[in-house]
Amino acid sequence: MRGTGCPPIEHLARVVFLGRDWRKCYMAFAMYSDASGGLINAAKVISGYIASVEDWQRFDTDWKLTLAHDNVPYFHMKEFAHFKGPYSDWKGQDTRRANFLARLVSVTRDNLRCRITSVVGIKAFADLDREYMLTEGVDGVHALAARTVVRKAREWMNENHRGEPWKVVFESGDTDDDATQSLLRVRFKNDGFPIPSFEPKKDENGVWFTPFQAADFAAWEFRKFTQMRDDGFIRSLYDVRKSFMNLSTMRHKDGVYEKADLLKMCKAGGVPRRTLTA
């Protein structure tokens with residue numbers, strides 16, 4: 001975004017709604033999402049938020065003010081959780097950390113319309129994939145999570161703003177190969193979804209884009225919850241991270257695929273069984 005001469009959100013309004021007067025697009029809607037987890041984790045999670053471009057502009061201001069309150073330039077959950085980067089000296093400051101996360105959740109809740117999350121259980125997918133041609137049917141774990149999160153966003157748009165323009169923006173680092181991005185564009189077109197854009201987490205000047213910071217926060221928390229649950233560390237609500245609880249109770253639409261959900265999808269969608277060989 002070097003040399004654009006305009007704020008990041010305004011720049012995205014121009015890019016995302018290319019070919020139209022961007023000034024008329026502030027009431028259009030956009031969903032920004034990020035991913036967490038992969039084949040070595042308990043789940044693949046894609047999470048994000050949908051809001052009008054005008055909402056995103058207000059969010060951008062409030063999020064940056066929250067970061068400035070604690071003198072940090074950006075929020076990245078992996079660095080925050082492991083005391084890396086600008087959070088390297090936050091060890092032993094549990095109250096400060098909890099209050100910081102609570103303020104970020106409040107900014108998100110106050111400015112954005114709906115959290116959208118898809119969770120695909122990795123072991124459940126692998127188990128069903130041995131019996132059914134699941135990978136071939138849904139193009140793999142990431143594509144299933146991506147199509148699910150956008151399907152949920154479309155449900156929200158149809159329920160709340162039917163007929164209004166909206167756009168899907170993925171963080172490009174999750175699918176940085178051209179083949180995967182091309183596949184998703186084709187699948188989204190066939191599904192009747194908006195053709196997705198893939199944008200970097202940081203601009204050419206190294207400035208972190210705030211919508212992806214919020215999406216990263218949500219995706220990490222849902223992946224962490226799933227991992228802790230599957231590892232047997234969640235026995236009651238007292239074991240659940242407060243930040244996860246706060247995010248999970250926001251206005252939301254979630255799509256979760258455990259083994260029973262995947263089996264139901266295989267049967268309903270006519271996914272063929274694999275041929276067993278001796």
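Residues numbered from 1 in each chain as written. Predicted model: local features only at pLDDT ≥ 70, side-chain atom pairs only at ≥ 80, totals over all residues. Heavy atoms only, no water.

## Quick notes on the overall build of the chain
Step number 1: From N to C terminus, the chain includes 11 helices and 6 strands.
Step number 2: Taking all 278 residues of the chain together, the buried fraction comes to 51%.
Step number 3: For the chain, long-range pairs separated by at least 24 residues make up 72% of all intrachain contacts whose partners lie at least 6 apart in sequence.
Step number 4: Split by element, the accessible area of the chain, about 13600 Å² in all, is 51% carbon and sulfur. (Helix = DSSP H or I, 4+ residues; strand = E, 2+ residues; numbered from the N terminus. Buried < 20%, exposed > 50% of the residue type's maximum accessible area, 1.4 Å probe, protein only. Contact = heavy atoms within 4.5 Å. Areas by Shrake-Rupley, 256 points an atom, 1.4 Å probe, with all protein chains shown as cover.)

## Concerning the packing of aromatic side chains
Think of a pair of aromatic rings as described by two things: how far the centres are apart, and how the planes are tilted against each other in angle.
Step number 1: If you walk through the whole model with that rule in mind, you get 24 aromatic pairs.
Step number 2: With a centroid separation of 5.3 Å and an interplanar angle of 80°, the aromatic rings of Phe-80 and Tyr-87 are classed as edge-to-face.
Step number 3: Of the residues examined, Tyr-87 reaches a relative accessible area of 0% and is grouped as buried.
Step number 4: Residues Phe-80 and Phe-100 carry aromatic rings whose centres are separated by 5.8 Å and whose planes lie at 35° to one another, so their mutual orientation is tilted. Note that Phe-80 is positioned in helix α3 (residues 77–81) and Phe-100 in helix α4 (residues 94–111), a separation of 20 residues in sequence.
Step number 5: Judged by relative accessible area, Phe-80 falls into the buried class, the value being 1%.
Step number 6: Owing to a relative accessible area of 0%, Phe-100 belongs among the buried residues under this scheme.
Step number 7: Members of the aromatic cluster, connected to one another through ring pairs, are Tyr-32, Trp-56, Phe-59, Trp-63, Phe-75, Phe-80, Tyr-87, Trp-90, Phe-100, Phe-209, Phe-212 and Phe-217.
Step number 8: A cation sits over an aromatic face here: Arg-97 above Phe-80, 4.1 Å from the ring centre. (Phe/Tyr/Trp six-rings, centres within 6.5 Å; stacked < 30°, edge-to-face > 60°. Lys NZ or Arg CZ within 6 Å of the ring centre and 35° of its normal.)

## Quick notes on the side chain of Asp-129
Step number 1: Relative to the helices and strands, Asp-129 resides in helix α5 (residues 122–131).
Step number 2: Take Asp-129: its relative accessible area is 17%, and that puts it in the buried class.
Step number 3: For Asp-129, the contacting residues outside a window of four places in its chain are Leu-134, Thr-135, Glu-136 and Arg-274.

## Description of the pattern of salt bridges
Step number 1: Within the structure shown, the criterion is met by 22 salt bridges.
Step number 2: Close ionic contact of Arg-113 with Asp-55 constitutes a salt bridge, the shortest N to O distance being 2.5 Å. Taken as a pair, Arg-113 in the loop between α4 and β3 (114–121) and Asp-55 in helix α2 (residues 53–69) lie far apart in primary sequence, 58 residues in all.
Step number 3: With a shortest N-O distance of 3.7 Å, Glu-155 and Lys-253 are connected by a salt bridge. In this pair, Glu-155 sits in helix α7 (residues 141–160) while Lys-253 sits in strand β6 (residues 252–257), placing the two residues 98 residues apart along the sequence.
Step number 4: Look at Glu-155 and you get partly exposed, because its relative accessible area is 26%.
Step number 5: Among the residues examined, Lys-253 registers a relative accessible area of 16% and is labelled buried.
Step number 6: Taken together, the shared-partner salt bridges connect Arg-151, Lys-152, Glu-155, Glu-159 and Lys-253 into one network. (Salt bridge = Lys/Arg side-chain N within 4 Å of Asp/Glu carboxyl O.)

## Thoughts on the environment of Lys-224
Step number 1: In this structure, Lys-224 sits in helix α9 (residues 210–230).
Step number 2: Take Lys-224: its relative accessible area is 29%, and that puts it in the partly exposed class.
Step number 3: Along the chain, Lys-224 and Arg-241 lie 17 residues apart, while their C-alpha atoms are 9.2 Å from each other.

## Details of the sheet that holds β6
Step number 1: Spatial ordering of the open sheet is given by β5-β4-β1-β2-β3-β6, a layout of 6 strands whose pairing is mixed. Both outer strands of the open sheet, β5 (197–199) and β6, are each paired with one neighbouring strand and no more. Within the sheet, the average angular offset between the axes of one strand and its neighbour, ignoring direction, is 20°.
Step number 2: This element, α5, spans β2 (43–52) and β3 of the sheet and lies at about 50° to β3. (Pairing = 2+ DSSP bridges. Axes fitted to C-alpha atoms, helices over the stretch in contact; angles between N-to-C directions.)

## A look at the packing of α2 against α4
A pair of packed helices can be characterised by two numbers: the angle between their axes and the separation between those axes.
Step number 1: Running from N to C, α2 and α4 point in directions that differ by 165°, and their axes come no closer than 9 Å. By the angle between their axes, α2 is roughly antiparallel relative to α4. Seen along the crossing, α2 lies across α4 with a hand that is right-handed. On α4, the residues touching Asp-55, Arg-58, Phe-59, Asp-62, Trp-63, Thr-66, Leu-67 and His-69 of α2 are Phe-100, Arg-103, Leu-104, Val-107, Thr-108 and Asn-111.
Step number 2: When its residues are assigned to classes, the contact of α2 with α4 shows 6 nonpolar, 4 polar and 4 charged. (Parallel < 35°, antiparallel > 145°, perpendicular 65-115°, else oblique. Left-handed = near helix turned anticlockwise from the far one by under 90°. Nonpolar A, V, L, I, M, F, W, Y, C, P; charged D, E, K, R; others polar.)

## Some points on the environment of Pro-272
Step number 1: Within the element layout of this structure, Pro-272 appears in the segment after α11 (259–268).
Step number 2: Taking the C-alpha atoms as reference points, Pro-272 and Tyr-132, separated by 140 residues in sequence, lie 5.8 Å from one another.
Step number 3: Setting aside its immediate chain neighbours within four residues, Pro-272 contacts Tyr-132 and Met-133.

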